[in-house]
Amino acid sequence: MTRTSHLCQLDLFKIRSEVLSRDARTILSYERAKAIGLAMGITFHDTLDLTQKFWDMHIDPIAIHGGAACTLLTIQYNLVAGTLARYAATTRPELVPLVEDILRWNVTAQFCLTELGRGLDIFRMKTTATLLPSGEFDLHTPSPSDAKFMPPTVPVNGLPCIAIVFAQLYVNGECRGPRPFLVNLNDGYNMCNGVTSKLLPHREGSDPVNHALTSFHHVRLPPSALLGDLNKSNTIHSDFMSSIWRVTVGSLVLSSFAIPDLQMSSYIAARYFQRRHVTGAHGKPVPIISYRTQQLPLLNAIAQVFVLKALYKWAVERFMDKIIDVLVRRSIAACSKAVMTQHAQVANFVLSERMGAQGLFGYNRLSSYHSMLRGISIAEGDTLGLSMRVVTDILMQKCTLPPSTHPDGPLTLREVSLLEEATASVSSSSDFTQAFMQYVQPRCQLMVESMAHRMAYDAAVDQGVSQCLIDVYLVSAIKIDAAWYVEHGMFTRQKIARMEDAALLAALPRLEEFLTAMEVEPYVLSPVISDERWEEFSKTLPCYSTPQTEVPVQQKFFWERARL
């Protein structure tokens, strides 16, 4: 029994969101996010000090009952409450009641950083906050391309909305770099004066989050709106990175949603594969789970659940170790994000395909999970952009990742080889930037994923994950770049196939054990996992039928038309 399993019994979590209107689905997402947050009991201390309760919140199966709910939850508790808590605990104690209101969902909170025209180049944002003679600030969006992009800032359900808005601070005509400001956006019904929110179209395949474009027209802010001080700094960029530190935390916690995602998708697929029968070679019905085409992606996903749990534990421990250099901690978060989103997106896609037409429908969740993970791979730092940063820092010797605890393992050897190839490419050129852009940049994500595969494998072995699952994971990671292993004479293609077969034979008899250990059955709403669920579900579908008790003979002209 998990901490949130009781929520599954509430009508709030039983409602089929796919049949609701956009507005109703949006309100439902906010209500679910609030219920999850309150059930978790996250406190000021939890969000400030990043306690184990905070980290565990993001891998609880309830978190992915809706992609919108988990998005709102992590914005509210990590980005906003987490950022404000640091100021409240040091220089701004008067912010403590606001943080408490955010944690209790008395207000909704947003984090307005990215601009429409900037993307990852956010340090050069164009939104301005100009100090006025009165001590107030003038917050302004100079052009439409400078609008804050994505945060859901439109009024919802009567809940007031505040935001941390980042803008270039101008004092006496001098730009002093991006700074965070606390801004009221709306009162739950109407936007505040000078604040405009344009609702973007619904992002297809996911629950609506009310993504928006937010702009400011000379909004007057009180002196207390500035989080931090007015002083000119000689380390503007590092100060800015420090002010958005919770984005790095978000890279790790958001990507960890891949773990409950994989748990749910593999459980749904397993039960469907067991339930669905086809006529076998001997003319008798057999469950489709009897076929390797079903077993392979299913056991790969299950193995990834347990291996990524071990990786998450390892990554959190390193991330929380303040002795470790901040660049190394950021790199570990980036590696974790790369591999978690990679595995979950592939698993959701392949498992939904193996479910045939049923895998296409939102009520079975896998297609929705895939869309959610696509968003997560971009949010809190695009995976590709983060990968380029990690590789650049390593090649420029700004940071060194923790070494492998199994240096002779095949995944470690490939990781080292790819890094050596990249090092040779830039060191042999007189122009580091040109060589990097030409030869290394296109392979950065591949390289970071290789680092993460090794980290995940090491963590699983060191933490005692079942050997059969480790073997399944190892083969699946090798197959991602089988050409490298063949090229270096480590394995042949046939050898890899035999390794895979042996791993599956060892893991398959323990399928029920692994499914039970995931503890997700209470959270599964998909109707395809049993005949009883499907029968209940089919009764809720709109039905079109003749009201007559006797079926009349169809008129001839229908048949004649059909022949044309």
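Note that the structure is a prediction, hence the values are computed from the model and not measured. (Residues numbered from 1 in each chain as written. Predicted model: local features only at pLDDT ≥ 70, side-chain atom pairs only at ≥ 80, totals over all residues. Heavy atoms only, no water.)

Observations concerning the overall build of the protein chain
And then number 1: In terms of helices and strands, the protein chain carries 22 helices and eleven strands.
And then number 2: Oriented by its inertia axes, the alpha-carbon framework of the protein chain measures out at about 85 × 70 × 55 Å.
And then number 3: Taken across its 564 residues, the protein chain has 54% of its residues classed as buried.
And then number 4: Taking the intrachain contacts of the protein chain between residues at least 6 apart in sequence as the baseline, contacts between residues at least 24 apart amount to 75%.
And then number 5: Looking at charge distribution, the protein chain has the averaged site of its 52 positive side-chain charges lying 3 Å from that of its 53 negative ones. (Helix = DSSP H or I, 4+ residues; strand = E, 2+ residues; numbered from the N terminus. Buried < 20%, exposed > 50% of the residue type's maximum accessible area, 1.4 Å probe, protein only. Contact = heavy atoms within 4.5 Å. Lys, Arg positive; Asp, Glu negative; His and termini not counted. Charge placed at Lys NZ, Arg CZ, Asp CG, Glu CD.)

Description of the pattern of salt bridges
One side chain can pair with another of opposite charge once the charged atoms of both are near each other.
And then number 1: Summed over the entire model, instances satisfying the criterion amount to 23 salt bridges.
And then number 2: Measuring nitrogen to oxygen at the nearest pair gives 2.8 Å for the salt bridge that ties K232 to E174. Of this pair, K232 sits in the loop between strand 9 (219-221) and helix 7 (236-243) while E174 is found in strand 6 (residues 174-186), placing the two residues 58 residues apart along the sequence.
And then number 3: Judged by relative accessible area, K232 falls into the exposed class, the value being 58%.
And then number 4: A salt bridge links E513 to R510; the nearest nitrogen and oxygen atoms lie 2.8 Å apart.
And then number 5: The exposure class of E513 is partly exposed, given its relative accessible area of 42%.
And then number 6: Looking at R510, the relative accessible area reads 29%, which means it is partly exposed. (Salt bridge = Lys/Arg side-chain N within 4 Å of Asp/Glu carboxyl O.)

A look at unusual backbone geometry
And then number 1: One non-glycine residue, N157, adopts positive backbone phi at about 60°.
And then number 2: Relative to the elements of secondary structure, N157 occurs in the loop between strand 4 (148-150) and strand 5 (161-171).
And then number 3: Despite not being glycine, E519 shows a phi value in the positive range, around 55°.
And then number 4: Position of E519 among the secondary structure elements: in the loop between helix 20 (511-517) and helix 21 (531-538).

Things to note about the sheet that holds strand 8 (residues 212-216)
And then number 1: Reading across from one edge, 4-8-7 is the order of the three strands in this open sheet, with antiparallel pairing throughout. One side of each edge strand has no neighbouring strand; the edge strands of this open sheet are strand 4 and strand 7 (195-199). Along the sheet, successive strands turn relative to each other by an average axial angle of 15°, direction set aside.
And then number 2: Summarising the sheet, strand 4 and strand 8 pair through three bridges and their orientation is antiparallel. (Pairing = 2+ DSSP bridges. Axes fitted to C-alpha atoms, helices over the stretch in contact; angles between N-to-C directions.)

Re the side chain of R92
And then number 1: Within the secondary structure, R92 sits in the loop between helix 5 (67-88) and helix 6 (96-103).
And then number 2: Reaching out from R92, the side chain makes a polar contact with the backbone oxygen of L226 at a distance of 3.0 Å.
And then number 3: When neighbours within four sequence positions are excluded, R92 is seen to be in contact with Y87, S224, L226 and L227. (Polar contact = N/O pair within 3.5 Å; in protein donor to acceptor, adjacent residues only side chain to side chain.)

Remarks on the packing of aromatic side chains
And then number 1: If you walk through the whole model with that rule in mind, you get 17 aromatic pairs.
And then number 2: Where F137 meets F181, the ring centres are 5.2 Å apart and the plane angle is 70°; that geometry is what we call edge-to-face. Residue F137 is located in strand 3 (residues 137-140), and its partner F181 is located in strand 6; the two are separated by 44 residues in the primary sequence. For the pair formed by F137 and F181, the shared burial category is buried.
And then number 3: Ring geometry for Y485 and F491: centres 6.0 Å apart, planes at 45°, overall tilted. (Phe/Tyr/Trp six-rings, centres within 6.5 Å; stacked < 30°, edge-to-face > 60°.)

Quick word on helix 11 (residues 326-354)
And then number 1: Between its first and last C-alpha, helix 11 extends 42 Å over 29 residues, near the 42 Å set by a 1.5 Å rise per residue.
And then number 2: Burial analysis of helix 11 places 23 of its 29 residues in the buried class, the great majority of the element.
And then number 3: Where helix 11 begins, the side chain of D325 points an oxygen toward the backbone nitrogen of L327, at a separation of 2.9 Å.
And then number 4: Phi turns positive, to about 65°, at G356, one or two residues after helix 11. (Expected span 1.5 Å × (residues − 1).)

Here we look at the environment of L213
And then number 1: You can see L213 is positioned in strand 8.
And then number 2: Taking relative accessible area as the criterion, L213 reaches 19% and is therefore assigned buried.
And then number 3: C-alpha separation for the pair L213 and V154, spaced 59 residues apart in sequence, amounts to 9.4 Å.
And then number 4: If we skip the residues at most four places from it in the chain, L213 touches L116, A147, K148, F149, T196, S197, K198 and L200.

Let's talk about the nonpolar core
And then number 1: Counting 162 residues, the largest nonpolar core has W55 and L84 as the members making the most contacts within it.
And then number 2: Examining the composition of this core, we find that 16 residues originate from one element, helix 10 (residues 292-319), more than from any other.
And then number 3: Those residues in contact with L84 that sit more than four places away from it in its chain are L95, L98, V99, I102, I164, L182 and L227.
And then number 4: If you look at the next biggest cluster of nonpolar residues, it comprises 19 residues, including F137, V165, V195 and A225. (Core = buried A, V, L, I, M, F, W, Y, C linked by side-chain atoms within 4.5 Å.)

Some thoughts on the confidence of the model for the protein chain
And then number 1: Model confidence for the protein chain is summarised by a mean pLDDT of 93, while 97% of its residues fall at 70 or above.
And then number 2: Below a pLDDT of 50 lies the segment residues 557-564, which in the model reaches zero contacts outside its immediate sequence neighbourhood of four places, other chains included. (pLDDT = per-residue confidence, 0-100.)

So, the pairing of strand 8
And then number 1: Most of strand 8 is tucked away: four of the five residues are buried.
And then number 2: For strand 7 and strand 8, the ladder comprises five bridges, and the chain directions are antiparallel. In the sheet register, S197 faces strand 8, and the bridge partner there is T214.

With respect to the packing of helix 9 (residues 258-275) against helix 12 (residues 366-378)
And then number 1: Contact pair helix 9 / helix 12: the axes reach a minimum separation of 10 Å and the direction vectors enclose 160°. Between helix 9 and helix 12, the interaxial angle falls into the category roughly antiparallel. When the axes of helix 9 and helix 12 are compared, the crossing they make is left-handed. Across from A258, D261, M264, S265 and I268 in helix 9, the residues of helix 12 making contact are L366, Y369, M372 and L373.
And then number 2: Looking at the contact of helix 9 with helix 12, its residues break down into seven nonpolar, one polar and one charged. (Parallel < 35°, antiparallel > 145°, perpendicular 65-115°, else oblique. Left-handed = near helix turned anticlockwise from the far one by under 90°. Nonpolar A, V, L, I, M, F, W, Y, C, P; charged D, E, K, R; others polar.)

Concerning helix 19 (residues 493-507)
And then number 1: Spanning 15 residues, helix 19 covers 21 Å between terminal C-alpha atoms, matching the ideal 21 Å at 1.5 Å per step.
And then number 2: Along helix 19, the residues that are buried comprise I496, M499, E500, A503, L504 and A507. Looking straight down helix 19, one finds that the buried residues subtend no more than 130° of arc, so they occupy a single side. Exposed positions of helix 19 whose direction lies more than 90 degrees from the buried face are Q494, R498 and L505.
And then number 3: Buried residues belonging to helix 19 abut helix 10, helix 17 (467-480), helix 18 (482-487) and helix 20. (Arc of directions from axis to C-beta.)

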